[in-house]
Each structure stands twice: as structure tokens, then as C-alpha cells.
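Topology and contacts: notes
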Amino acid sequence: MRPKDPQDTVQACSDIPLKSYYTAEDIPDSHAERVNVAPGEAPYHRGFHPSGYRSKPWRIFQLSGFGKPEDENERIKFLLKNGETGFIMEHDRNTADHCYNVDHPEVLARREDVGLTGAVMQSVRDTAICLDGLPMDTSFGHAGGAVVQHAPFALAAYWAVAKKRGYDLSKLAGTGQSDFNLTYLGCVTKQQIPTDAGLRFNGDIIEFCTEHLPRWVPVSIAGYNGADTGLTPDQELGSLFANAVEYLDEIKLRGRIPLEVAARGCGGVSFRASIKIFEEACKMRAARLMWSDLLKQRYGINDERVANLRIHCVTAGSKMAYQQPMNNLVRGALMAVSAVLGGVQSLGVSGYDEALSIPSEHAHQMSVRIQQILMEETGLTDVTDPLGGSYYVETLTAQLVEKAWAFFEEILARGGYLACLDSGWLHAKAEENQHKEFMQTESGEANIVGVTMAHDDSSPFEIDGFIGSDDAFDVALERLKEVKRTRHEKGAKTALKDLERVCRGSDNIMPVMMDCLEAEATLGEVGDVYREVFGDWRTPIQC
Amino acid sequence: MTYTARFSVIGVRQFNVKGSDVVKPKRILMAKTGLDGHWRGPTIVARALRDAGFEVIMIGMATTAEIVAAAIDEDVDLVGLNIGGHIDVALRAVDAVQSAAPDMPIFAGGTIPPHACKQLEAKGLEVFPPGSMLTDIVDSANRLTGLSTAQ
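Everything numeric here is computed off the predicted structure, so don't read it as measured data.

What about the pattern of salt bridges?
Pairing of side chains with opposite charge becomes possible as their charged atoms draw close. Residue and element names in this part refer to chain A. Under the defined criterion, the tally for this structure stands at 48 salt bridges over all chains. For Asp385, the salt bridge identified is with Arg285, shortest N-O distance 2.8 Å. Taken together, the residues span a long stretch of sequence, with Asp385 in the loop between helix H16 (361-376) and helix H17 (391-413) and Arg285 in helix H13 (residues 277-299) at a distance of 100 residues. Asp385 gets classed as buried once you look at its relative accessible area, which sits at 7%. Owing to a relative accessible area of 0%, Arg285 belongs among the buried residues under this scheme. Taken together, the salt bridges that share partners define one network made up of Arg200, Asp204, Glu207, Glu250, Arg254 and Arg256.

Overview of the interface of chain A and chain B
Accessible area lost during the coming together of the parts is what is often quoted as the interface size. Across the contact, 48 residues belong to chain A and 42 residues belong to chain B. Here chain A packs against chain B, burying approximately 3,800 Å² in sum over the two surfaces, 57% of which is carbon and sulfur. Where chain A meets chain B, there are five salt bridges. A salt bridge links Glu66(B) to Lys190(A), with the shortest nitrogen-to-oxygen separation between them at 3.3 Å. Between chain A and chain B we count 20 residue pairs in polar contact (both at pLDDT 80 or more) in total. Those elements that provide at least two residues to the side of chain A that touches chain B are helix H8 (180-186) and helix H19 (425-442) of chain A. Ranked by residue count, the leading element in the side of chain A that touches chain B is H19(A), at ten residues. Considered class by class, the residues forming the side of chain A that touches chain B number 19 nonpolar, 15 polar and 14 charged.

Here's the deal with the sheet that holds strand S8 (residues 268-273) of chain A
Residue and element names in this part refer to chain A. One open sheet holds the four strands; their spatial order is S3-S10-S9-S8, and the pairing between them is parallel. This sheet does not close on itself; its edge strands, each paired only once, are strand S3 (59-60) and S8. Examined bridge by bridge, S8 and strand S9 (residues 310-315) share six bridges and lie parallel to one another. Across the sheet, residue Arg272 finds its bridge partner in S9, namely Val314.

Definitions and limits used
- Residues numbered from 1 in each chain as written.
- Chains lettered and ligands numbered in written order.
- Predicted model: local features only at pLDDT ≥ 70, side-chain atom pairs only at ≥ 80, totals over all residues.
- Heavy atoms only, no water.
- Salt bridge = Lys/Arg side-chain N within 4 Å of Asp/Glu carboxyl O.
- Helix = DSSP H or I, 4+ residues; strand = E, 2+ residues; numbered from the N terminus.
- Buried < 20%, exposed > 50% of the residue type's maximum accessible area, 1.4 Å probe, protein only.
- Contact = heavy atoms within 4.5 Å.
- Buried area = accessible area lost by both parts, 1.4 Å probe.
- Polar contact = N/O pair within 3.5 Å; in protein donor to acceptor, adjacent residues only side chain to side chain.
- Nonpolar A, V, L, I, M, F, W, Y, C, P; charged D, E, K, R; others polar.
- Pairing = 2+ DSSP bridges.

Rendered as C-alpha cells:
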């Protein structure tokens, strides 16, 4: 938005004052020497690889899924047919995030909600239906399990299906995310394991993947989920690396695998790509630089295969407006541009119907088309780090790095990232920013086209939200009964007993979780073990 | 039944003094009908209502039974529902509140598609989808609790 007077202060989202133009003098001395580094060279802010998108385009990677496992399977196939180059399995929030089966009282009370945000997968049979005919061996697959307490189950289900199909786990590529920001900060569950138990799970996943799935990204810290909750770009960066420190310190403490290997596993992260194009592009550049410096300075790791951060981005869902939804196609494209200018490896564009529902088939197709247009028609892929050397971009990158490290240090001084989740300190930061951003819109200081200005009451284009299928609950309940009736009951119960024993001890949870899935133990039964052993996280906010 | 959701009172306004009479603040219950804990919207709204002088009782993700119990036990003047899932779940909560407390006003906000807004409005609710202004929400709360008669 244009300031009232050109001399008025204009601020970046990260609370950095912006000048009306920049010169070479503005680039901080500490950063000036880095400007001439080539992409693919430390500290990597200029990009992952010198030939950038010429040698490897970003992965088109869309969140997808709803209803029954077969509905989700159909949508994923639709996206792959339309040009998606990896696939993401979404799980139903009600069941997956809480590790409940559909017959849990909290779910029964909301049966119509089941399947609205992802498919219901309560046993390995459901996961097998969802993965039917999908290219698990050649594609980068996201097994779902974005939520920390759900990740071991979702990963084990995916791997169990892969094993049954005869795929070699050591060649399987994918991720499960397992991100604290999602349910401990952004979208808090009614019930989940405490953060220390979550850290143990993620440590176990990192160790298990190191041994059995070297091509898998075991955990993927999602700055997105912090940012779309309200953290500013500098805070998103600072908290993300503070989170990485939790994992690396944990692995170091355990001392069972080389730290370099663990760092490689933590080096696939995700960010939000929001609407302030230059600041967001600078954020991706800053992230690579910070990761490289963190590994070098804190852990003495210099290996370029480890220090070179890989970034997945999703465009900001919260920037998509309810009013005049077609405008969101433009917003999605521009946010994607910011990610591409920042040199990310993987990208998802939120649907134009984001403010109403999960994406319709058409909205999903357009999210893919936007990326294809950027990739094929615009020349954005011709030159690596096209913004490199810009006085403004280099200055803002350096300023973001500085602010982000300050936030990182503040988190560490408060006991670390997980302590700041437990205490609600990060929530308070996010809430303050949400309020500020909202009040800027409310006061007319910032505009949203179609919402606070340029109303179009004469020819409104209305969409009505995608509902998905209406039998997800009924089918899930039937299948739950079926699996309990026809599985080898003793085997399932033994596996669950073993799981409880391992949860109470300190062995890696993943081997026994694989046993549970192969014995057809169900999600809710696994969740019951967690609730019994670990208890409940004391949520620091009321929402 | 009693409600088991964890709850907190997130704000109490200064008691209004009209002459020598102390006026009790109006109380608003805020609940989420779904099991999806996105808190950005309800928190911004709760803060605006608190700043406008209301006492806001937030019980978060709550079942229909918990919402009804809280509305009655907390003796609220208005119920606010944050809706993010299937409209049938929200409609069930609306029906239950209206049946237990026929005069209780209800308003709703959240990612509510147009067809669902119409269903809620047909039950007498004021509805605030994304993009609504806080001033309009506060005006509605004032009107629904009888603090103002302005339309």
C-alpha cells in the first residue's frame, strides 16, 4: 500500500524500516563480501546449486486429500496426471491429529466433520487403499503425519505398505514432516502428547531413517505453521532454527548416529511464501545462509551436502480472501513467484477457495497450472538467484539474518524452542502480530483488494466451498469394525503391549510401530497407549 | 451434564459506573464446534470483544453438550460459535442452545461458505465469514446483548 506521504516510514513485515531506494552503501560490511559468492557455494544464500532450476525444476507438491482413502487416492492421481511431481497424503484432522478412531466420543460428536480435511486412515489397510497405484518407488511421497504424535503411525503405515509391495525401504524417498509448529503453535489439538515425548519421537524417527531409509527426510520443520499463525518472517526463521537445535542437541546427546547424518535429515524444511515478494524471497536466501552458519558455528559441520538447505514452500493460506475468490489466483501466483525468486526446491500453491474449504478439483488444478506457467513461460527459471546483487535484496537479506538470529537467541535464552511452546511465549508473539496485522486492515492503514476496497457488488463471482464425500464417517466406522474382526487379534494386542513397553522405556519407537502396523493395530489403540504412558500436553493458550 | 472443556475467562472489562450503580459486564461464551484448533480468528475476535467491555469465556473445542452446559452454567448473555467444519455439526449446536435457552442470542464466525451462512442466518444467527470487520462484530455483540439498539 502506498504511504500517505512518500516520506512516511514504510516497514517490512519483520519490522525493518525500508528506504525508498538502496545503494551499495546500504549493504552491511559483514554481508558485502558474501555478495560475490556463487550459488551452490557456502554460505548458500544465493542458491542450492549453480545451475539452479536449469538442472532441476522445483517439485510441484500440493497438499491433497479428503473423504475416504479412495477419494484421496483419486485426487492424488488427478494431480499427478495434471503435472504434480510428488504427492502429499492428507489425513483427517479429527482422527489423525488426535490419534483417535472414529468411534471415539470426541469424533462421534462431530461425525459430519470426518473426512473434511483429509482421508481417514485408521489401519494399514486404509493406507494401502489410499496408495493404490501410486508411484511410491519413483515419486517423492509425503506420508502425512505432519503432526508430531501422529507421525510414527503414519510413517510406519506408509513404509509397511511399501514393504508389502516389495519396495526396498532404503531407496524410498519422501517425508512425513512431524512438525511441532503445526499442533503446538498453529492449530492446537484438544489432546496430544507433551513436547518432551514429541522430541523423543522425532529423535527416534531421525535415527530410524538414518539406519533404514537414508533417502527419507525424517522430519521437516515447518516455519509455515508458525508464520501463518502470526510469526513475522524474521521470527519464522529464528524459531525454525531454534527448533532444529532441539533435534540436533537431542541426537548429539544420544550419541548413536553421526551428527552430520542427523543434520542432513533436519535440512529439509518448509517455509511460508507470503505476499510481500521481496521480503519473502530474502527470507529463503537468509534461511540457507543461517543453516550453513548454524551448522558450522554451533556444531562444526562444514560438509556441503549437509550445510546446503533444501526448502519446501507453501503459499500463505491466510492471505487468500473469502471475497472475490478469483483474486486469489493472482495472489497464489505472486506468492509462488516470491518462493521461486528465493530459490526453493519444492512448492505448493494454496487453492483459490482456501478461505472457504479444502481445494476443489478445479482449485487444485489451477494451483498446478500456476506453477507450470511460472516454470514454462515466464523465464523465472533461466538464471539462478536473479535477485543476487540487488542493493535492496542483499541489504534486506542481511537485515533479516540479523533480526532472525536475535529472535533465535531470545528463544534459547528462554530455555529453547520447546520451552517457548510450553510456556506460551511463542503464542503470545504470534497473537501480538495477528492483532497488529488485523488492526492495520481494520483501520484502513493496509488494504485487501475485494475486502476493504474495490468491492464488486455488481457482478459477484461466488463459489460455495468444496465439501468432499458424505460417507467418510460411515465407511471408516465399518472398516474399523472389519479390521478388528478379521485381524489376528493376538498379534495386534501383543504388538500394542510391546509398544507400551517401549514407550515406557527408551528404545526406538519405530521398529515396534512397524510391528503394530503390520499386525493391523489401529490408530486409536496406538493413541490410547500414548495417552496412558505420556499423558496430555498442558496447552498454554485457550482458543 | 457439566462441561469438561478447559476454559478461561480471557478478559473482564472495568465495571461501568453510571452514577453510583455498578453495571455488571455482559458475558459472552465463545466455543469452537469442530476439533480443528486454528485459534487465530477466535482470539482476534475475543480480544476485540474484551476491549469493547465484554467478559469473554472461551472454552475452545467443545461438543454440543459442553457448549449448552457452559452457556447455562456461566450465565452468559450471548454465545459465539467459531465454525470451521461441516455445517451440520454447527447447526446441531445451534439447535441445542436454542432449545435449552430459547432467548439466547447466538452469532457465528469462521470459514463458513455462503450456503452455510444462509443456513445459520435462517436460524436467526448473525454470521461473520472471513473478511468481516471487528467493528461490525462488536456492534453485533452490543445489539444482541441489548447494549445498543442501533441497526
